[in-house]
Amino acid sequence: MYLKTAISRAYYRYILLWRKNANLLPQTQGVNIFTKERALIEDGKRLLPSAGRTTELKGIQTRYDYARRLLVDGVLKRVTNSLASDLRRKCVRQHNNGNPSAFFALVGTSLASGTGVITRNDELEGVCWEIRESIRRMRANLFEAENREFEDEFSLSSLEFGKVIAKGCNAVVYEAREKTKDDNEQMPKEYPLAVKMMFNFDAESNASSILRSMYREMVPLQNVTLDKNTIGFWENEMAERIQRLPPHVNIVAMYRSLTDYVPDLPSGRTLYPDALPMRLNPEGYGRNMSLFLVMKKYNTNLRQYLIDKPPDIRDGILLLTQLLEAVTHMNRCEIAHRDLKSDNILLDTSEGENNCPTLVVTDFGCCLSDRYYGLKMPYRTPDMDRGGNAALMAPEVATAQAGMFSTIDYSKSDIWTVGTLAYEIFTGMNPFYKQITKEQGTVLRNTTYTDDMLPELPAEVPSLISRLVRNMLAKNPAKRLDAETAATICQLYLWAPSQWISKNQLPSSSEILQWLLSLTTKILYEGPILFHKRDSQRKRASVTEYQLIATFLQRVKLKVISKALSWIQEEI
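An account of the accompanying structure is given in this report. (Residues numbered from 1 in each chain as written. Predicted model: local features only at pLDDT ≥ 70, side-chain atom pairs only at ≥ 80, totals over all residues. Heavy atoms only, no water.)

Examining the overall build of the protein
- Looking only at helices and strands, one finds 19 helices and 10 strands in the protein.
- Accessible area for the protein stands at about 28400 Å²; split by element, carbon and sulfur atoms hold 50% of it. (Helix = DSSP H or I, 4+ residues; strand = E, 2+ residues; numbered from the N terminus. Areas by Shrake-Rupley, 256 points an atom, 1.4 Å probe, with all protein chains shown as cover.)

Below, the structure written as structure tokens:
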């Protein structure tokens, strides 16, 4: 069966494509289009435009679009009968123009009728690819509408600063707004932006030195815009090495970065006098220039939210799923955060206290984002940076021994930390932090604990979620699920038919695909309306849930769902 499938795929992808289109499409020398294109398009990544890549990408995209048309037309020939050839042609025409609705409708009708016209694995995955691409296009349009653009001459003088939002050891965050000519002093001022000013004690007061020292902070930056005199440095020395993090609904929206002189901001002389330069504080140790990051303003962080308003079980699961989706996105881009904690997780609660907030991960100053090494970092000396917050460091990282050929694998380190944060979400306490009283439990150490020492979660937490959290905290990383599978399990628990979670029988691929098409239809037609009406009286929980489903559909694959369902059935 596997041999037949492999031969079928090879014939379809290579022989058919080259024989039928050899004289119509531009040729690309030395490029395996289906291998390279899958890495770029199927995983949601795009090559940044640069010299020597434009023609190559265009040829790859053209060939892949033609292969997609062959797949869609082949499926529709079996979905529609001979009397519906006109309908099939219209469907293909709409699909090529960027509207997959008709294609999804015909495929969904066929699956619901049980005709079994779509049976091959490559065609099932092809439909999943169409789902991912449709959601990606929808969210890309929404992202462009919500993205903030600044003028080329944008500087700190273009902003008006408000009060301090947060302060840490390495930075301070102010609320801010853009200055406008028609400001009315009598109207209350709103500050939709947040500006993070890094404390610069070591880097010289020039853009190149600052960027070299603090480049990790800009990993989630949406638009890389730098001073003209630093572009050469960035392209030649850093761009080839740094792994960028594409925009994601559960990653902080960072709009702009700039290097500028440290200003005399409100409360600065009181809150961080040592970080100020000598021109502002004669006893300060800071440099004259530093890095400033302009991002969306969020209402609170997870730590404060759990103190002020402990969530109910369903909202807790929604928060945990969003956090897992953020880690999945980072790991798929081969980035490890390495400093996840409730202080570094922000929440948007602007839609009301009674609704589940949107969660984003921020503060990438300790992240591993190396394009050469990926998620495996050489660990040659004990002085090398292994990440932040030693208490929430994964066991395989905390116990790593330095050596000439030693490496640390971070592929499952962030999900271990998420497991500890799950205890904070559901109980308000982290078992790996020092407790105030003995009644609150025994403190666990990431270097010495065993799996049977993990405390039980409250009885109100569903058993499946409790077992998932314990799996994420398995001391042996080989026994730990990866972030994508863990996130898929939570998504299935929230949205899948209940019998898939309870009965000891796996659904067929057609049943899974039919369910995915139902979710896709709902998101494509109702999602944009909800996303654009954040100021309406609709419940925020609905927007959060729609965003969560869209995130799931944007990365969905049948093999990942099957793996998650198999784990669920084993745990029942």
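Here we look at the pattern of salt bridges
- Summed over all chains, the structure comprises 18 salt bridges.
- Of the charged contacts in the structure, one is a salt bridge between Glu175 and Lys297, with a shortest N-O distance of 2.8 Å. Highlighted residues: Glu175 in strand E2 (residues 171-178) and Lys297 in the loop between strand E5 (289-296) and strand E6 (300-301), separated in sequence by 122 residues.
- Judged by its relative accessible area of 8%, Glu175 falls in the buried class.
- Between Asp482 and Lys563 there is a salt bridge; the shortest N-O distance is 3.0 Å. Of the two residues, Asp482 is situated in the loop between helix H14 (463-472) and helix H15 (483-495) and Lys563 in helix H19 (residues 558-571); the sequence distance between them amounts to 81 residues.
- Among the charged side chains, a salt-bridge network with shared partners connects Glu325, Arg332, Glu484 and Arg555. (Salt bridge = Lys/Arg side-chain N within 4 Å of Asp/Glu carboxyl O. Buried < 20%, exposed > 50% of the residue type's maximum accessible area, 1.4 Å probe, protein only.)

Thoughts on the pairing of strand E3 (residues 193-198)
- Within E3, six of the six residues are buried, which leaves it mostly tucked inside the rest of the structure.
- Neither face of E3 is open: one carries Leu193, Val195 and Met197, the other Ala194, Lys196 and Met198, and all of them are buried.
- Pairing between E2 and E3: six bridges, direction antiparallel. Among the inter-strand pairings, Tyr174 is bridged to a residue of E3, identified as Val195. (Pairing = 2+ DSSP bridges.)

Overview of the sheet that holds E6
- Pairing within the open sheet is antiparallel, and its three strands lie in the order E6-E7-E8. Across the chains shown, the open sheet's two edge strands, defined by having one partner strand only, are E6 and strand E8 (358-361).
- Bridging between strand E7 (residues 345-348) and E8 involves four bridges; their strand directions are antiparallel. Following the sheet pairing, Leu346 is matched in E8 by Val360.
- Along the sheet, helix H11 (residues 313-332) contacts E7 and E8; its crossing angle with E8, the most-contacted strand, is approximately 35°. (Contact = heavy atoms within 4.5 Å. Axes fitted to C-alpha atoms, helices over the stretch in contact; angles between N-to-C directions.)

Some details on empty space enclosed by the protein
- Summed over all chains, the structure comprises five cavities of 30 Å³ or more.
- Its volume calculated, the largest cavity comes out at about 100 Å³.
- Element by element, the count of residues in the lining of the largest cavity is highest for helix H13 (residues 413-427), at three residues.
- Classifying every residue of the lining of the largest cavity by side-chain character gives six nonpolar, five polar and four charged. (1 Å grid on protein atoms, 1.4 Å probe; cavity = no way out; pocket = protein on both sides within 12 Å on 5 of 7 lines; lining within 4 Å. Points joined across faces, edges and corners; volume = space filled by probe spheres on them. Nonpolar A, V, L, I, M, F, W, Y, C, P; charged D, E, K, R; others polar.)

Some details on H13
- Between its first and last C-alpha, H13 extends 22 Å over 15 residues, near the 21 Å set by a 1.5 Å rise per residue.
- Looking one or two residues past H13, Gly428 carries a phi angle of roughly 85°, positive in sign. (Expected span 1.5 Å × (residues − 1).)

Comments concerning the sheet that holds E5
- In space, the five strands of this open sheet follow the order E1-E2-E3-E5-E4, with antiparallel pairing throughout. Bordering the open sheet on either side are strand E1 (159-167) and strand E4 (254-261), each of which pairs with just one other strand. The average undirected angle you get between the axes of adjacent strands in this sheet is 30°.
- Where E3 and E5 come together, five bridges link them in antiparallel fashion. Among the inter-strand pairings, Val195 is bridged to a residue of E5, identified as Val294.

Some remarks on the nonpolar core
- In this structure, Leu320, Trp515 and Leu516 are the most contacted members of the largest nonpolar core, which totals 139 residues.
- Considering each element in turn, this core owes the most residues, nine residues, to H11. (Core = buried A, V, L, I, M, F, W, Y, C linked by side-chain atoms within 4.5 Å.)

Some points on the layout of surface pockets
- Its volume calculated, the second largest pocket comes out at about 1100 Å³.
- Lining of the second largest pocket is provided by 41 residues; of these, Gly168, Ala171, Lys196, Asn344 and Asp363 occupy positions nearest its centre.

Brief notes about the pairing of E2
- The element E2 is largely enclosed, with a buried count of seven among its eight residues.
- Bridge count for E1 against E2 is six bridges, and the pairing is antiparallel. Opposite Ala166, over in E2, you have Val173 as the bridge partner.

A short note on the environment of Thr551
- Considering the arrangement of structural elements, one finds Thr551 in helix H18 (residues 540-553).
- Through-space distance from the C-alpha of Thr551 to that of Ile135 is 8.4 Å; in sequence the pair is 416 residues apart.
- If near-sequence neighbours (up to four positions away) are discounted, Thr551 is found in contact with Arg139, His248, Val249, Asn250 and Glu325.

Section: unusual backbone geometry
- The backbone of Ser267 sits at a positive phi, close to 70°, despite the residue not being glycine.
- Tracing the chain through its elements places Ser267 in the loop between E4 and helix H9 (268-271).
- Exposure remark for Ser267: the relative accessible area of 42% places this residue in the partly exposed category.
- The phi dihedral of Arg338 falls on the positive side, at around 70°, and the residue is not glycine.
- Mapped onto the secondary structure, Arg338 falls in the loop between H11 and E7.
- The buried category is assigned to Arg338, whose relative accessible area is 7%.

So, the packing of H11 against H15
- Following both chains from N to C, one finds H11 and H15 inclined at 145°, their axes separated by 8 Å at the closest point. For the crossing formed where H11 meets H15, the hand is left-handed. For the pair H11 and H15, contact is made by Arg314, Ile317, Leu318, Leu320, Thr321, Leu324, Glu325, Val327, Thr328, Asn331 and Arg332 and by Ala483, Glu484, Ala486, Ala487, Cys490, Gln491, Tyr493, Leu494 and Trp495, respectively. (Left-handed = near helix turned anticlockwise from the far one by under 90°.)

Regarding H11
- A rise of 1.5 Å per residue sets the reference length of H11, with its 20 residues, at 28 Å; its end C-alpha atoms lie 28 Å apart and thus fit the reference within 8%.
- Taking burial as the measure, the 20 residues of H11 include 17 buried ones, the bulk of the element.
- Directly after H11, the chain includes Glu334, whose backbone phi takes a positive value near 60°.

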